[in-house]
Amino acid sequence: MRGKASEPGGQKTLPVAKRVLELTVNGDRYEVAVEPWTSLAQVLRDELRLTGTKVGCNEGDCGACTVLVDGRSVSSCLYLAVEAEGRDVTTIEGLAETPDTLHPLQEAFIEHGGLQCGFCTGGMLMSSAFLLSHTPEPDEGEIRRGLSGNLCRCTGYNKIVESVDAAAKRLAADEGGTA
Amino acid sequence: MSTPPIIGARIPQLGAREKVTGQAVYTDDMKLPGMLYGAILRSPHAHARIKRIDTSKARALPGVKDVVTGDDTLKVAYGNWRLVPDIQDEYVLAVDKVRYVGDEVAAVCALDADTARRACELIEVEYEVLPAVFSVEEALAEGAPTIRAEKPGNLSLTREIEYGGVDEAFTRAEYVREDTFRVPTVSHAYLEPCSALAAPDEGGRVTLWTSTQTPYIVQVLLAKTLGLPENHVRVIKPQVGGGFGGKMELRTWEFCAAFMALRTGRPVKFTLTRADELAYGRRRHAMVLRSKIGLTRDGVILAKDLDVLLDSGGYNAMGATATFLVGNFGAMLYRIPAYRYLGRYVYTNNPPASAMRGFGAPQALFAGECQLNMVAEELGIDPIELRIRNAMQAGDSVPGVATARTCGFREALEKVRDASGWVEKRARKRPGKGIGVAGCSFISGGVFNWFDTKYHFTSCEVRVFEDGTAHLLTMASDIGQGSDTVLRQILAAELGIDIHKIRLTAGDTAVTPKADLGTWGSRVTLMAGNAVLDAARKIKEMLAGVLFMEYDLNQIHDVAFAGDRVFVRAKPKRGMDFGECVYKALRGRRGEPLTAFGYYTPRDKGLVTPAFSFGAQVIEVEVDEDTGVVSVEQVHTAHDSGVPINTMAVEGQLEGSIHMGLGYALSEELITVEGRVRNATFLDYRIPAAEDMPPSASYEIVTRDPEGPYGAKEAGEGLVSPTAPAIAEAIWDAVGVRSDTLPITPQRVLEGLGKL
Ligand code: FES
Ligand code: FES
């Protein structure tokens, strides 16, 4: 329950009708009643209990809350839940194809030490997944730019960049193998 | 005996899978039935007397379940420095006075967070605004307002160190210089904002889940402020999203969550915003450092005199430690035969500063290393050569304080010199490009018992089972750095079992053995690691007897533990599976489980630490003379952290330190005007992003410290220090601008170039 801290106190005392939304998250359909200003991050975390999406700032500055909406990365703390209606939302919990496997990005982050405290990690992975979806073979500069909206205080980023690079190469090799 | 291969291995964190899938649970992810949401009312004034608080309107708001102010509490002063009660100056909620913008005045809990926040706005507080001071100089000036009645004049603490006859040594010096350096206050900026959730427990007890580095300290101070026996308070550390020193004290929201959970009979959760963290949270100390150094003409240090003013902010927090450590680090790295230090800790009405990664070292070493580079310039000696001439060596002591039993500083300097192509790059000037150097040293855990614990500094319990598995219970706190993995590596190495067979329970004060002082001072690997060794060796004693019985061994034999087997070292075929050995021992004990406690307390190790790390860093930059923008192009680091237990984790600490050092050097500063932070968002308080990070090459200088488990020393904090002075030197080398002030923003560079 983290509303915008800057919201002036008086405004929300007015009873505003909640809206019932149909959301599709990680392929599952949910019905939730939300206020018009409720962020997607808040619905994911509080209502759907998908807490892998983190809130590091609630202001669009840190990227910890990054999810995919129709395949594009968004900061879910700034993205209104009502806007997600009728769209496909993917969170970190839905990045791997099945619950018992890992996405190559997840494997690479583990193997190359692309995480420490893990608080930025879900957002980093979702931004990386978006990057690879439009730039399957990024060079180092493209990886760094692709992650420029995601802050990490622990790793110094270099191992994250290595992880994304390794995952991209593996995905490209797998593609080559199956083609 | 050879070191088991798991020591020094690159092992990913054992909990990494949970972190990459979003399953790892942090405090704010938790929700309990009937849970209430808390909010804090903070002071809008930097210094004021509280005349009256009226909470009636807040209480009347539907959905509000409790409102508390200082009057509802026991009004006991608390703080981490239990050893010196006079230093404990903080209240969980303000009593009579507020001393900084953001000082906590009241708290509310309600059915939802919005209601709690609205209720805070309905609390009426009548203040009598008092004159305030915002710099150490103002605070010490004649006639300055008194911030804490016990300390008229605002000088909270003084620390002096002196040895070697400083005045006499300066008269012998052929070269003397004196400089003043200013370093700003900066934020830990851990990504996880603080959060605490408390639930009432049977019999008037309470459980608190909190984002902390120090569950034991929180337990003890929470019990004191609640007026409960320690054993009534259970503190559990879930996953923690970084701390860097900012989460090592009892904080108001932890108290309020527990207090209101007890009062309402319902779980209560508080979670801070980023603005709360940046505007009011703990921070690194701003300091003014005046340093005077005397040398012979050929660059041998004879004396140093360091005078430091530290900006406390409104409360002492961990300031007494900071005041000592700056003086300690001022004397490190080099053989300084005569040294004098005066540190003064000064109350102001800024938000309180406290521990942050490197604690005292980034400031002391910015001043010391910049000054040494200036000395090198004036004496016409290469800065690395000057350092080598004076470098501390193994066995050197800081009188009365500590001895460095191992020291790879000289080797580190030589390594970065050779690996970076230093000699050639310094000689061949290229327009706008420069190269600089700095060194560092840090402690592997603190010796001084400021918390006044009656328990061992760290403890653990190891249990082994007949299925070949083990259980490690420890209060040591992994806050992201990976100590849960490192401690299991040490146990796996010692018991000779697969690391995946070790279950870990950590950071739960009701379950893990008392005590562990927490994660700070880079203490976990050395101290908790030694406790694990102690427990493991006791377990091995219990198991060795089984082999002696089984094989009727000659008394001279030794028993080895490796590959999930226990065997006679000289006759490896004589042995059995680890699990079978436990089974046989268990039968022999007629069912009494095999469990052992391990402890570590640094005794007879001086005043500071059992072991020092060392390092050296060379940095190459390019400076744009039109914009003043500094780009860091390459970092070379050589690092003596003893024997690394987990190479990947050590590299991670190094790279994270460079990130933090880079921000300290070039961009980070909490801009505070009259006690109000003006840049309390990540947009305005800029920590380096992925694009800002330079390529980095690192080299381990392996020393085997006799006090460290398998020879390990610290890796988490030392390397946060050299980056800023090395960059400052590289900027000078590039464009001839010296900065004695951090951060070195484009504006400061342009001012130095005379373009502004
Ligand atoms: S929480 Fe959304 S960008 Fe920081
Ligand atoms: S791993 Fe901690 S913030 Fe990135």
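Residue numbers here run from 1 along each chain, matching the order of that chain's written sequence. Just so you know, chain letters begin at A and ligand numbers begin at 1, following the order they were written in. pLDDT decides what is reported in this predicted model: residues at 70 or higher carry local features, side-chain atom pairs at 80 or more are listed and counted, and totals for whole chains, interfaces and linings draw on all residues regardless. Only heavy atoms go into the side-chain values, all of them from the structure, while hydrogens and water stay out.

S.K.: So what exactly am I meant to see when it comes to the interface of chain A and chain B here?
M.R.: Note: interface size is frequently given as the accessible area lost on complex formation between the parts. We call two residues in contact whenever any of their non-hydrogen atoms come within 4.5 Å of each other. On the chain B side, the residues contacting the 53 residues of chain A number 63 residues. Throughout, buried area stands for the accessible area (probe radius 1.4 Å) lost by two parts on being put together, summed over both. With both sides pooled, the region where chain A packs onto chain B buries about 4500 Å², and carbon together with sulfur makes up 55% of that total. For salt bridges, the criterion is a side-chain nitrogen of Lys or Arg within 4 Å of an Asp or Glu carboxyl oxygen. On the surface where chain A and chain B come into contact, there are seven salt bridges. For Lys-159 of chain A, the salt bridge goes to Glu-651 of chain B, with nearest N and O atoms at 2.6 Å.

S.K.: I would appreciate a short explanation of the domain arrangement of chain B in the present structure.
M.R.: Residue and element names in this part refer to chain B. According to the domain assignment, chain B contains domain 1 (27-130 + 194-271), domain 2 (287-448 + 606-752) and domain 3 (450-600). As used throughout, domain bounds are those supplied by an automatic or database domain assignment. Distance from the C-alpha centre of domain 2 to the C-alpha centre of domain 3: 37 Å. With 23 residues of domain 2 in contact, the opposing surface of domain 3 contributes 20 residues. For the pairing of domain 2 and domain 3, the buried interface totals around 1700 Å² over both sides, and the portion due to carbon and sulfur atoms is 60%. The largest share of the area that domain 2 buries against domain 3 comes from Ile-645, Pro-709 and Tyr-710, three residues that together contribute 30% of it. On the surface where domain 2 and domain 3 come into contact, there are zero salt bridges. Distance and chemistry together define a polar contact, namely a pair of N or O atoms within 3.5 Å, with one atom able to donate a hydrogen and the other to accept it when in protein, and with adjacent residues in sequence counting only for side-chain atoms on both sides. Counting the contacts that link domain 2 with domain 3 gives 11 residue pairs in polar contact (both at pLDDT 80 or more).

S.K.: Help me out: how do you make sense of unusual backbone geometry in this one?
M.R.: If a residue is not glycine, its phi is most likely negative; likewise, a peptide bond is most likely trans. All names here are of chain B. Here the bond from Lys-514 into Ala-515 is cis, since omega is 0°, no more than 30 degrees from zero. The numbering of helices and of strands both runs from the N terminus, where a helix is a DSSP run of H or I of at least 4 residues and a strand a run of E of at least 2. Mapped onto the elements, Ala-515 comes out in the loop between β21 (502-506) and α15 (524-551). Phi at Asp-552 takes a positive value of approximately 45°, unusual for a residue other than glycine. Structurally, Asp-552 can be placed in the loop between α15 and β22 (559-562). Any residue under 20% of the maximum accessible area for its type is buried, any over 50% is exposed, and the rest in between are partly exposed; the area is computed with a 1.4 Å probe on protein chains only. Exposure remark for Asp-552: the relative accessible area of 67% places this residue in the exposed category. In this structure, Arg-590 takes a positive phi of about 55° despite not being glycine. Structurally, the position occupied by Arg-590 is in the loop between α16 (578-588) and β25 (594-600).

S.K.: In this structure, what is going on with the sheet that holds strand β24 (residues 571-577) of chain B? I would like to understand it.
M.R.: The strands making up a sheet are joined through hydrogen bonds of the backbone, oriented either antiparallel or parallel. All names here are of chain B. Reading across the sheet, the three strands line up as β22-β23-β24 and stay open at both edges, with antiparallel pairing between neighbours. With partners counted over all chains shown, the strands left at the sheet margins are β22 and β24, one partner each. Neighbour-to-neighbour, the strand axes of this sheet turn through a mean angle of 30°, independent of strand direction. Being paired, for any two strands, means DSSP has found at least two bridges between them. Pairing between strand β23 (residues 565-568) and β24: four bridges, direction antiparallel. Residue pairing for β24: Arg-565 is matched across the bridge by Asp-577. Taken strand by strand, α15 contacts β22, β23 and β24, and its axis lies near 115° from that of β24. Along the sheet, α16 contacts β22, β23 and β24; its crossing angle with β24, the most-contacted strand, is approximately 70°. For every element, the axis is a line fit to its C-alpha atoms; helices are fit only across the contacting stretch, and the angle between N-to-C directions ranges from 0 to 180 degrees.

S.K.: Help me understand the domain arrangement of chain A, please; the structure alone is not making it clear to me.
M.R.: Residues and elements named next belong to chain A. Domain boundaries assigned for chain A yield domain 1 (19-94) and domain 2 (104-173). Centre-to-centre, using C-alpha coordinates, domain 1 lies 21 Å away from domain 2. With 16 residues of domain 1 at the interface, the matching set in domain 2 holds 12 residues. Taking both sides of the interface into account, the surface hidden between domain 1 and domain 2 amounts to around 1100 Å²; carbon and sulfur atoms contribute 66%. In this structure, the connection of domain 1 to domain 2 is made through zero salt bridges. Breaking the side of domain 1 that touches domain 2 down by element, the ones donating at least two residues are β3 (66-69) and β4 (72-75). With three residues, the single largest contributor to the side of domain 1 that touches domain 2 is β3.

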